[in-house]
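# Coordinates in review
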Amino acid sequence: MDSKEVLMKVEGVSKFYQMGEVTVAALKDVSLNIYQGEFVVILGPSGSGKSTLLNILGGMDLPSEGKVVMEGEEITNYSDRKLTIYRREKIGFVFQFYNLMSNLTAIENVELATEICSDALNVNEVLEAVGLGERKDHFPAQMSGGEQQRVSIARAVAKNPSLLLCDEPTGALDFNTGIKILSQLKRINKEYNKTVIIITHNMPIGAMADRVIKMRSGEIIETKVNDNPIPPEGIEW
Amino acid sequence: MVMKRLDVRLLRLIKHSKGQFFSISIMVIIALTIYISFNMVADNLYNSIYHYYEETNFSDVFIEVVRVPKTAIDKLYTIEGIESAQGRISADVPLRVEDPEEKVRVRIVSVPNEDKIINNLYKIEGKDLQVDSKKTAVLQQFSDARGIVLEDRVRPYIAGREYPLEVISIVGSPEYIYLMENEQSLIPAPEKFGILYVTEDFAQSALGYQGSYNEIMVKINPEYYNSVDNIVDDIEDQLDRYGVKSIVKREDQLSHSMMMQEVEQLEAMATSITLLFLIVAAIIINIMLSRIVKNDRMSIGVMKALGYNNISILMHYTKFSLAIGLLGSIIGIVLSIPLSAAFTNLYIFYMNIPMFEMTLYEKYFIYGIVLTSVFCIISGLIGARSVLKILPASAMQPEIPKAGHRIWLEQIKFIWNRISFSWKMVIRNIFRKKKRAIFLILGIALTYSITMVPIFMSSVWGNVFMIQYGKYQTMGYNIDFTIPMNDSVIREISQLIDVDSIEPKTEIPFELRNGWKKKAVSVIALPENTSFYYFESMSGQELKLPTNGILLSDRLAKAIGASVGDDILMKSFLPDGDDTYINVKGVVEQYLGTNAYMTIDTMNELIGEKGLITGVLLNSKDDVVTKLKDVKNVKQVQSVEDMKNSFLEFMDMMIYSVGVMMIFGGILGFAIVYNVNVISISERVMEFSSLRVLGFDKREIYKMVSRENGIMAFFGILIGMPLGYSMCKGMIASLAMDMVTIPLIIENSSYVITAIATLSFVIIAQLATVRKIYRLNFLDALKNRIS
Ligand SMILES: Nc1ncnc2c1ncn2[C@@H]1O[C@H](COP(=O)(O)OP(=O)(O)OP(=O)(O)O)[C@@H](O)[C@H]1O
Ligand SMILES: [Mg+2]
């Protein structure tokens, strides 16, 4: 792994929330590297700071302390405008609750993302790739949760981002559908050579990752390199 | 070009909320239609009037004298700035018509024998007036109203003789675009009063003005328009010995000033109605957009996470209001064209401007679009501004539940504990959205006050009439003589008709001056203990006619800035009248007309005569009009009945504008209540859905919404009452007419009627939202929250 090129460097990142008198530390001095093309799974119990970290990596939130360097540029001192461009060009998000625009069709939801980036992939091809070629003109309300999540993945992938961030992509899905989503993500990781970070509190999912990062109370408590990741179809929980 | 996905989303958003979209658009449409068409008609009217003036060489100054020879008129040319001056003879005489009961008066006006006639006639039909003295040209409004056609004969009754004149042409005149006998008349009555143009020869011989005139028309060189006042002073000096009765500048000429008032009123309406509707539309847009943005919090987070910047998201929502503005503008423009044409036709119908034409002033289209766009963009930006505060990370978080606060009413335990659970919910809901509740209450208050103005106006005229003719002046008939007569004439009249009571009066025009302020009015002299007149001070105390001094009507006192105790100058119009100072003993309320009052003794002393009167006042059940018809020296017999009738016509005209204003008030009220309701229903879909799941039925939910509206309507009406009162007050001030004072007497019934009208607007608007609640699919709503 050391031979791999570093995509992102996280150095001493902390995040504090002031809640009246008390200060909540959502992240405490977190440091890690993300390598180009790897498949990372972040594990941890509820409230351990996973989403907070992901938001900071994705340029959606700023840390209270520390810095994040992406492809040699420190994004943590970006202006609002540059952060927006960063999210537009470099990051693909997959949300736990899909978060599709309810009044746009599947393909329109994907196009909403691609029409503002410079290097987007062919939308139809990406939709085919996630197996939704037939259903691209349907509205979210006409699709199942799994289908909606695949649209959400297509939306993130079609932007052709450097980094795909998924916050509990299977959280709202049943086992079988969850596995399908995970194999899609794995395929995208391999076929498009995209770096993928998945957040979950589902331990077995760690088995498919190149690397597993465990968090607790805002800290990384363990980083485990997985030399032989198993295909998602082999996961059981 | 492929449409941007955000714009596709916008279109579907609009489709989804089309009820609101259109109801706000309607307000913009109304605003713009009124803005464009009123302004266009005002411009058309103004330009047509001035075009007409130019074509007919309309006079700049009008002078009334007792009698002036031609030589004196020619001498006026020595005054610098006077371009031309022409004399004419004018006299108001009765016209004999088939029905002897009907009282018709005409003004005989001579047409000067000049090349370039001032106030030239605009021939609509027939031949030019020739030297033939048995022919007449009739003013169109009069001929139309009385069905007079060419070759008919009209019979004016001049100095005890009937003169049958053949109608040779039907004409228009710039002097009588708005045809009223005098400033005392409330409305034009073209079937009762008309103008007959005759040759100078005829007028001079029939009216006894051989070689002389009683009116002069003056054109002023445009370069001297700024010094009209000096020229008027010079004219006054030069003509003093011919008995100047009045000098009227064009701006004060009756028809002209009425027409200019019309133009100004159109412009003022264009501005005020447009602004009112645009402001209300802007507030509703603002509320609606902030609701949409709030509902879209998650979507906005996603957009930001996808890399959309603040400006494009803000634009996305602002386009919603811009779409309203543009749709409203386009439909408004389209509607304004036929509306302007209809208005123009109405003016052609009512006014006598033969060259009235309709021009489209495209500039108003542009102004209108810019105006509405600015309003919509600003309200959109303000409404959607919270977009800026939403963080991209919001896309990840489910909605943060809003912290529930106790409302202050809950502190007052003994009240709160007595309120039933469902009412508690209603009250909490109102307090939870304080700003919106305030807007709704103010909107209802505004609707109330707008609706109140016409209701007040339609009832106040009856009051004006009742007080003026039931309290201040109680005579049944007002008779004027052609010349001053000895007061022994009272006995003769009493022999002719069976009178209940009779009093002498003298009515003479004077110019009253106080410092530099002056006003020409008719001074009425009465017996000291008159029973026909009742004088009341502004504070409601009875005043008696002073033995030495004068009473001024309130409007007159204001016009010349005089108050009780001041000495004012009375300038006589009579050829050898003296100017005297007189003390103001009181200021009296007078709704109709502007006069000053004194005793006959004071008047006689003033003019140096004894026992002369110019008319009588009387009460009688006898047939006064017929019996005095052919009596020599009786100029006119005016009955209160006549005035009542012209009043009724005036009221008819009022009812029309009452209706129009009610409609505007209604639309405004409807739009406010409907939109606010739709917004709060769509915002509370979750809440209603939860209530439905808990077992509430649709009717109970609807009842809750109705109660909320009921409470707000109650407070709206409560605030609307004082607001309506001040709006009526403002209306009176803005209507400040020369001849009429409108008293601010608001009947209790007006308050009640207005409340009923306002409540109906609220109920209609609420009924329009019933569908929204009954169609509410609560399962969908609950599901949507998750996915
Ligand atoms: N806006 C905020 N204000 C205050 N505290 C916050 C805020 N956002 C997160 N936190 C706190 O920060 C800590 C970490 O939250 P985070 O959402 O990152 O947890 P998580 O690991 O993603 O949990 P889950 O698995 O439930 O999603 C929590 O204790 C949470 O209460
Ligand atoms: Mg989380």
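Residues numbered from 1 in each chain as written. Chains lettered and ligands numbered in written order. Predicted model: local features only at pLDDT ≥ 70, side-chain atom pairs only at ≥ 80, totals over all residues. Heavy atoms only, no water.

## So, the environment of A:Glu191
Inspection of the secondary structure assignment puts A:Glu191 in helix α6 (residues 175–191). On the basis of relative accessibility, which here comes to 53%, the residue A:Glu191 falls in the exposed class. (Helix = DSSP H or I, 4+ residues; strand = E, 2+ residues; numbered from the N terminus. Buried < 20%, exposed > 50% of the residue type's maximum accessible area, 1.4 Å probe, protein only.)

## Some remarks on the side chain of B:Gln86
Structurally, B:Gln86 can be placed in strand β2 (residues 82–88). Polar side-chain contacts of B:Gln86 include one of 2.7 Å to the backbone oxygen of B:Lys116. (Polar contact = N/O pair within 3.5 Å; in protein donor to acceptor, adjacent residues only side chain to side chain.)

## Quick notes on the packing of aromatic side chains
On inspection of all chains with the given rule, the structure shows 21 aromatic pairs over all chains. A ring pair is formed by B:Phe21 and B:Phe22, whose centres lie 5.5 Å apart and whose planes are at 85°; its orientation type is edge-to-face. Residue classification places B:Phe22 among the partly exposed residues on the basis of a relative accessible area of 43%. What links up through ring pairs into an aromatic cluster is the set B:Tyr46, B:Tyr50, B:Tyr53, B:Phe58 and B:Phe62. The ring of A:Phe39 has A:Lys186 lying over it, and the distance from NZ or CZ to the ring centre is 5.0 Å. (Phe/Tyr/Trp six-rings, centres within 6.5 Å; stacked < 30°, edge-to-face > 60°. Lys NZ or Arg CZ within 6 Å of the ring centre and 35° of its normal.)

## As for empty space enclosed by the protein
Residue and element names in this part refer to chain B. This structure, assessed with the given rule, holds two cavities of 30 Å³ or more. Looking at the largest cavity, its volume works out to about 60 Å³. If you trace the largest cavity, you find it lined by Gln 468, Tyr 472, Gln 473, Tyr 533, Tyr 534, Phe 535, Glu 536, Val 588, Glu 589, Gln 590 and Tyr 597. Contributing elements (two or more residues each) for the lining of the largest cavity: α13 (434–472) and β16 (535–536). Of the residues assigned to the lining of the largest cavity, the class counts are six nonpolar, three polar and two charged. Both of domain 3 (422–474 + 640–787) and domain 4 (499–620) provide at least three residues apiece to the lining of the largest cavity. The volume enclosed by the second largest cavity comes to roughly 50 Å³. Residue lining of the second largest cavity: Arg 88, Val 109, Ser 110, Val 111, Pro 112, Ile 117, Ile 118, Asn 119, Tyr 197 and Met 217, and that is the complete set. Looking at the lining of the second largest cavity, the element that brings in the most residues is strand β4 (residues 104–111), giving three residues. Residues belonging to the lining of the second largest cavity are distributed by class as follows: seven nonpolar, two polar and one charged. (1 Å grid on protein atoms, 1.4 Å probe; cavity = no way out; pocket = protein on both sides within 12 Å on 5 of 7 lines; lining within 4 Å. Points joined across faces, edges and corners; volume = space filled by probe spheres on them. Nonpolar A, V, L, I, M, F, W, Y, C, P; charged D, E, K, R; others polar. Domains from an automatic or database assignment.)

## Comments concerning the sheet that holds strand β6 (residues 91–94) of chain A
All names here are of chain A. In spatial order, the strands read β6-β7-β8-β3-β9-β10; together these six strands make up an open sheet with mixed pairing. Looking at which strands have only one partner, the edges of the open sheet turn out to be β6 and β10 (219–225). Pairs of neighbouring strands in the sheet enclose a mean axial angle of 20°, with direction left out of account. Here strand β3 (residues 39–43) pairs with strand β8 (residues 195–200) via five bridges, running parallel. Within the sheet, the bridge partner assigned to Val 41 lies in β8 and is Ile 198. Strand contacts of helix α1 (residues 50–57): β3, β6, β7 (163–167), β8 and β9 (211–216), with the helix running at about 155° to β8, the strand carrying the most contacts. Its contacts with the sheet put α6 on β3, β7 and β8, and the angle it makes with β8 is roughly 155°. (Pairing = 2+ DSSP bridges. Axes fitted to C-alpha atoms, helices over the stretch in contact; angles between N-to-C directions. Contact = heavy atoms within 4.5 Å.)

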